[in-house]
Structure formats: C-alpha cells, structure tokens
Amino acid sequence: MSEEAPRPRRRKRYSGKNPRRFEDKYKEHDPARYGETVAKVIASGKTPAGSHLPIMVAECLNALGLEPGMTGVDATLGYGGHALRILRAISPNGKLIGLDVDPLEMPKTLARLRNTRFGDDCFEAVRSNYAGLAKILTERSLAGVDFIFADLGCSSMQFDDPARGFSFKTAGPLDMRMNPERGQSAADWLAKVSVVKLAAALHEHADEPRAESLAEALAGRHFPDTLAFAHAIREAIRVSDEDVRELTVRRVFQAVRIAVNEEFSALDAFLRTLPECLKPGGRVAILTFHSGEDRRVKQALKAGVRDGLFATTCEGPLTASPEERRLNPRSSAAKLRWAIRA
Ligand SMILES: C[S@@+](CC[C@H](N)C(=O)[O-])C[C@H]1O[C@@H](n2cnc3c(N)ncnc32)[C@H](O)[C@@H]1O
C-alpha cells in the first residue's frame, strides 16, 4: 500500500473570475485564513458568505449598560457577533448565556467563540427557543439577570444559504425553518394552508396590501422549490412595475417564514417573560426588522412601564447610522428599543 499523502483535491474552475455560488465562496467561508478577501467583501457593502455582520453594535451595548462582572443573555446568538462584543464588555468575571434554535449554525458559532479567550467559565450556549427563557434561568438557579439582548429574525447565514430555502433569488428547497428538525417546511405549510389563513398571515406578518388575491392564487398549492414559489407570486400579482413585484415577493416570503417558524407566538412569550427574568435595574434591548416585530416590542415595553414592571423605556426607536446603512444594507430596516426593569 502506498504511504504517500493523498493529493489535495483540485479547486473547481469557475467560468468567471470569482465563484458565484454560496457554497463555492471558499475564501469568504474561511475568514481566519482569508481575512483580506473578507475585508474587501465587507467594504463593498456585502456580507461575506457564511457569516453575519452584527448590527448597531455600539448602540446595543450602550442600551444594555454593560459592565465587567455582569450576567446576562443573548437570546439570538446567530453568528455570535453581538455575543463576542458583549463578552468583551462584561469580562472579567461576567457570564453570558447564548440561545439559538438553529442546529446547523450553532455548532459553528460555538467553535468560533471557543477559539476566543472566552471559555466555559464565562459563556454557555443553549439550543433553545427564547420563549423558554424563564425556565432556562430557573434551571441555572438565576433569579434574574443584569441584561437580555435579542436581535430578531434570521441570520445572514440562514438567508444566504440556498439549501435553507429562505432566498427567492437562488433555487433551493422551499423549507425556511430556522430549526429544520421541528415543525413543517414552507412547502408543506403552503400545500395545506387555507386561503383565509394565508391571507391573514400576509396581512399580519408583512402588511401585504394584496393579501386576499395572493392567498387565493397560492394557498393549497405545491411548489417544488423557492424559485417556483417566487415565480407563482409574480404571476399572481400581474403588475408591470418590477419594483412592486419584487417587493411583493419579499413580503410573501417574509410572511410565510414567520408563519412556519411561529415567530410571533415565540416573541409574544419572550416579551411576557422579560420582566420576571431581569433583576431590578436590569436592562433589555431588542433589535427588530419589520413593523410586525417592532409593534409588538414597542407595545410590550410601554405596557411594562404602565404596569410598573419597567422603570423607563426609550421614547422612540434608535436606527442605524448612514455609514452603517451604506456598509451593511441589512441594517437599514433595524430598529432598536430598550427598557430598564423597575
Ligand atoms: C439576526 S440573527 C442574530 C445575529 C447575531 N446577533 C450576531 O451578531 O451574529 C437571529 C438568530 O436568532 C435565531 N432565532 C430566531 N428565532 C429564535 C427563537 N425564537 N429562539 C431562539 N433563537 C431564535 C436565529 O436562528 C438566528 O440565528
């Protein structure tokens, strides 16, 4: 038998200068090795494949009032961008619990964070829905924490990977689950959903003005993949303005994603549990990305002040600076709200 090391596999040749497909962007997927390439991608206003640029970091950290030694929760760990900044701000002696439902990205994030100086003594990752936050704290004998942070919705890794089925720009299975081990895929949900239920989802989850006619055209149908679904949406609205068509596709994908992941019921449960999970004087900061989320957060924090559970909340939402919007267009829709426990 030959003792020779196996020859490395040749990298595939691309027809253009650079790889176009998400999975072929091997340099972007390996920022530790190809930092310069990744920096160039970020400077051009794009998010490198397989990563996520944390949004409004300084504003979030400031709203949380972080200090060394604090204990708190990042309810939406994602790529760990905010978590890493939080860990730096609460060290030494701080402790962060990071939650996420995504079984595919979470191990990668854990490995990345384990490569930093923050070990088991100051960071714990828990694969859980943030709706169950109170139970997670009770299991750890924590009566309340100093801060809770949430950055709602999906990560760029989830949106950009065609295999996850969130993108209407690239072909992939019509899945859209943040946790593919639970619930039903978007394709299965659409195949069974009634016209009335789909219309309600389009209204409530995306303020879709053509909710009824779109629901009539789409409910109960089977779509083989993301592109077929996007095509059916464009066919159903019959408007010539391309911007309106693309906005509609975006809104319908958003509404279906929220339904499939039951995002609003999880958010409502999380918002209800917040006051009991915070110490007196503890702070919560939440980033939202569309009106359905922002309305819920705003109303819950205001109701908390009215009921004496929160001492104060922000007057209006904070938004990303023009510079951040230019560098990371995904920050344009972000709204940050905060409150302080009474
Ligand atoms: C916008 S990303 C967070 C990005 C993160 N702040 C960063 O800097 O990398 C949102 C993350 O929250 C997770 N998520 C969404 N809904 C959740 C829920 N109900 N419970 C726990 N995690 C959730 C998603 O899987 C995703 O990874």
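Residues numbered from 1 in each chain as written. Predicted model: local features only at pLDDT ≥ 70, side-chain atom pairs only at ≥ 80, totals over all residues.

Q: Please clarify how the packing of helix α8 (residues 195–206) against helix α9 (residues 211–218) should be interpreted in this entry.
A: The relative placement of two packed helices comes down to the angle between their axes together with the axis-to-axis distance. Remark: α8 packs on α9, axes separated minimally by 8 Å, with the N-to-C direction vectors making an angle of 135 degrees. In terms of orientation, α8 and α9 fall into the oblique class. Considering only the axes of α8 and α9, their crossing is right-handed. Every residue of α9 that contacts α8 at V195, L198, A199, L202 and H203 is listed here: A211, E212, L214, A215, E216 and L218. The residue inventory of the contact of α8 with α9, partitioned by class, reads 8 nonpolar, 1 polar and 2 charged. (Axes fitted to C-alpha atoms, helices over the stretch in contact; angles between N-to-C directions. Helix = DSSP H or I, 4+ residues; strand = E, 2+ residues; numbered from the N terminus. Parallel < 35°, antiparallel > 145°, perpendicular 65-115°, else oblique. Left-handed = near helix turned anticlockwise from the far one by under 90°. Contact = placed C-beta atoms within 7 Å. Nonpolar A, V, L, I, M, F, W, Y, C, P; charged D, E, K, R; others polar.)

Q: Is there a simple way to explain unusual backbone geometry in this structure?
A: Trans is the common state for peptide bonds, and a negative phi is the common state for residues other than glycine. Across the junction of S91 and P92, the peptide omega takes the value 5 degrees, indicating a cis bond. Turning to its location among the elements, P92 is positioned in the loop between α3 (81–90) and β2 (95–100). Phi at N93 takes a positive value of approximately 75 degrees, unusual for a residue other than glycine. Structurally, N93 is set in the loop between α3 and β2. We classify N93 as exposed; it has 11 C-beta atoms within 10 Å. Within the chain, M176 stands out as a residue other than glycine whose phi angle is a positive 70 degrees. Along the chain, M176 turns up in the loop between α6 (156–160) and α7 (186–192). (Buried ≥ 20, exposed ≤ 12 C-beta atoms within 10 Å, placed from the backbone.)

Q: Just to check I follow, could you spell out the sheet that holds strand β4 (residues 145–151) for this structure?
A: Two pairing modes exist for strands in a sheet, parallel and antiparallel, and in both the strands are linked by backbone hydrogen bonds. Spatial ordering of the open sheet is given by β3-β2-β1-β4-β5-β7-β6, a layout of 7 strands whose pairing is mixed. Each edge of the open sheet is held by one strand with a lone partner, namely β3 (123–127) and β6 (310–313). On average, adjacent strands in this sheet sit at an angle of 15 degrees to one another, irrespective of strand direction. Along the sheet face, helix α13 (residues 291–306) touches β5 (278–288), β6 and β7 (335–341) and points at about 135 degrees away from the line of β6. (Pairing = 2+ DSSP bridges.)

Q: Where do I start with the site of the ligand in this structure?
A: Around the ligand, a shell composed of 22 residues is seen, among which P54, T76, G78, Y79 and G81 lie nearest. Residue assignment for the shell around the ligand shows that the elements contributing at least two residues are α3 and β2. Of the residues belonging to the shell around the ligand, the class tally is 9 nonpolar, 9 polar and 4 charged. (Near = placed C-beta within 6 Å.)

Q: What should I look at first to understand α13 in this one?
A: Here α13 contains 16 residues, and its C-alpha end-to-end distance of 22 Å stays within 8% of the 22 Å for a straight helix at 1.5 Å per residue. Buried residues of α13: E293, D294, V297, A300, L301 and G304, and no others. Down the axis of α13, the buried side of the element spans an arc of 140 degrees, and every buried residue falls inside it. α13 presents R295, Q299 and R306 as exposed residues on the side facing more than 90 degrees away from its buried surface. Buried residues belonging to α13 abut α12 (263–277), β5, β6 and β7. Looking one or two places after α13, you find G308, whose phi comes out positive at around 80 degrees. (Expected span 1.5 Å × (residues − 1). Arc of directions from axis to C-beta.)

Q: Even after reading the chapter, I still don't get the pairing of strand β1 (residues 71–74), so can you show me in this structure?
A: When a strand is regular, its side chains alternate between the sheet's two faces. Taking every second residue as pointing to the same face, both faces of β1 are buried, with T71 and V73 on one and G72 and D74 on the other. Sheet topology note: the β1/β2 ladder contains 4 bridges and is parallel. Within the sheet, the bridge partner assigned to T71 lies in β2 and is K95. Taken together, β1, α3 and β2 constitute a β-α-β crossover, and its handedness is right-handed. In this sheet, β4 lies alongside β1 in parallel orientation, the contact comprising 3 bridges. Residue pairing for β4: V73 is matched across the bridge by I148. (Right-handed = clockwise from strand over helix to strand, strands pointing away.)

Q: Got a minute to help me understand the domain arrangement of the protein chain in this structure?
A: By a frequent convention, interface size equals the accessible area lost on bringing the separate parts together. Domain boundaries assigned for the protein chain yield domain 1 (57–156 + 264–341) and domain 2 (180–260). Using C-alpha coordinates to define each centre, domain 1 is positioned 30 Å away from domain 2. With 5 residues of domain 1 at the interface, the matching set in domain 2 holds 6 residues. Its residues assigned to classes, the side of domain 1 that touches domain 2 comprises 2 nonpolar, 3 polar and no charged. (Domains from an automatic or database assignment.)

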